[in-house]
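Chain and residue survey
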Amino acid sequence: DFYGNEDNALTNTGRVIRLREAFARADVPLEKDRGWYLLAGQTTSAFSNSEIAAADTVDANGPAGILGARQPQLRLGYKLPVGPADSSVVFESAVQQHSFSNFTTGDSGTTPRSATDGQGQDLPLFVGKLQWLNSLFQLESAGAISRNRGVFDRAGDRGPVATRSETAWGVQVSGQAAPWEPVTFYAHYQHLDGLHREGNGDFADAVSDAGGGVFRLRNIETDGWYTGLAFKPWVDTTFNFVYGQNEADEDVAGGFTRGTTIRRQRSIHVNVMQKFWSQWKLGLEYQRFMVDTFGPSQRDGSVNFYHGGLWFFY
């Protein structure tokens, strides 16, 4: 991961070596295709839809409106066969690091104290997930809850230091279907309230507000979604088409984040993926990325990307 500047290995995408994933998983099979599993370590957040409705794009960030975070966690899962022979239900629960270091001061006149990823948070992130799996249709829903805790240097008669907290939560629903073997349709929706570290870090988590003489922390809410299809005309070739959108709530974010702060982002991805030599994959992609901003100017813009990717699986 060499994109960006050299900075903190935990919070930024810098040219410093960092630990991306390191975890252990133990599976305990039971009779009648039931089983438990326990996972411990750092990997993709349990809140993310890492398998169902997972958009296959060359751009590693994926489409707008996607969930994406890696966190230290302890996860417990249970699989239970239900209904038809190829159907099952999976229950998952997890306790993982809660990260909150991305916020703006808005119009409060305060200065936030910088914090590295997860430091200063007094509650972990609690996650629950339910999946229904079938060869033709898969559906999942997940929820997450924690508390954002910010420390601010305050000016004037407000005192030298202030600490404020606000409950942070999120929900997501994802599904995919393959009614015809070469084609898979999928869709994903998420609502995040101060949990944007889980949502690829595309928006600030909260703003500090001093309206009415009361100093408080207010979470920014966003709604994100994407939909797409994968067409596989041959065994080793797949065409992917994806559209995604993520938008911040006007009432909170629009009142405190001005100028060039992003209000909405949208993306279109069209690519072809080709597997070869059993362990290799080549991808070519066209991406159009569009943004709109808050503020009186209501600035907007777009850019075209042409991506190429080469993977080796071992």
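Right, let's get into the pairing of strand 15 (residues 262-276). With 11 bridges joining them, strand 14 (residues 237-248) and strand 15 adopt antiparallel strand pairing. Its bridge partner lying in strand 15, asparagine 246 is registered against glutamine 265. Here 14 bridges tie strand 15 to strand 16 (residues 280-293), and the two strands are oriented antiparallel to one another. When the sheet's bridge partners are listed, glutamine 265 is paired in strand 16 with valine 291. Hairpin connection from strand 15 to strand 16: three residues lie between these consecutive antiparallel strands, with tryptophan 277 at a positive phi of about 55°.

The full count for this structure, using the stated rule, is 10 salt bridges. With its nearest N and O atoms 4.0 Å apart, the salt bridge here joins lysine 129 to glutamate 92. Of this pair, lysine 129 sits in strand 7 (residues 125-133) while glutamate 92 sits in strand 4 (residues 88-96), and the two are 37 residues apart along the sequence. You'll find lysine 129 and glutamate 92 in the same group, each marked buried. Between arginine 263 and glutamate 247 there is a salt bridge whose closest N-O contact spans 3.0 Å. With arginine 263 in strand 15 and glutamate 247 in strand 14, this pair connects stretches of sequence that are 16 residues apart. Judged by relative accessible area, arginine 263 falls into the buried class, the value being 15%. Note on glutamate 247: relative accessible area 26%, which makes it partly exposed. When salt bridges that share partners are traced, they join Glu247, Arg263, Arg264, Arg266 and Asp292 into one network.

Turning to unusual backbone geometry, a few remarks are in order. Within the chain, asparagine 200 stands out as a residue other than glycine whose phi angle is a positive 70°. Relative to the helices and strands, asparagine 200 resides in the loop between strand 10 (183-193) and strand 11 (206-209). We note that tryptophan 277 has phi near 55°; this positive angle belongs to a residue other than glycine. The topology assignment puts tryptophan 277 in the loop between strand 15 and strand 16.

Bridge count for strand 9 (residues 161-180) against strand 10 is 10 bridges, and the pairing is antiparallel. In the strand pairing of strand 10, valine 173 is matched with tyrosine 189. The hairpin formed by strand 9 and strand 10 contains two residues between the paired strands. Here strand 10 runs beside strand 13 (residues 221-234); their pairing, made up of 11 bridges, is antiparallel. Among the inter-strand pairings, threonine 184 is bridged to a residue of strand 13, identified as alanine 230.

Parameters at a glance
- The residue numbers shown here count from 1 along each chain, following its written sequence.
- Residues qualify for local features only when their pLDDT is at least 70, as the model is predicted, and side-chain atom pairs are given and counted only at 80 or more; totals for whole chains, interfaces and linings, by contrast, use all residues.
- With hydrogens and water excluded, all non-hydrogen atoms of the structure serve as input to the side-chain values.
- The pairing criterion for strands is at least two bridges between them, as found by DSSP.
- Counting from the N terminus, the helices are DSSP H or I runs at least four residues long and the strands are E runs at least two residues long.
- Criterion for a salt bridge: a side-chain nitrogen of Lys or Arg within 4 Å of a carboxyl oxygen of Asp or Glu.
- Relative accessibility thresholds used throughout: buried, under 20% of the residue-type maximum; exposed, over 50%; partly exposed, between the two (1.4 Å probe, protein chains only).

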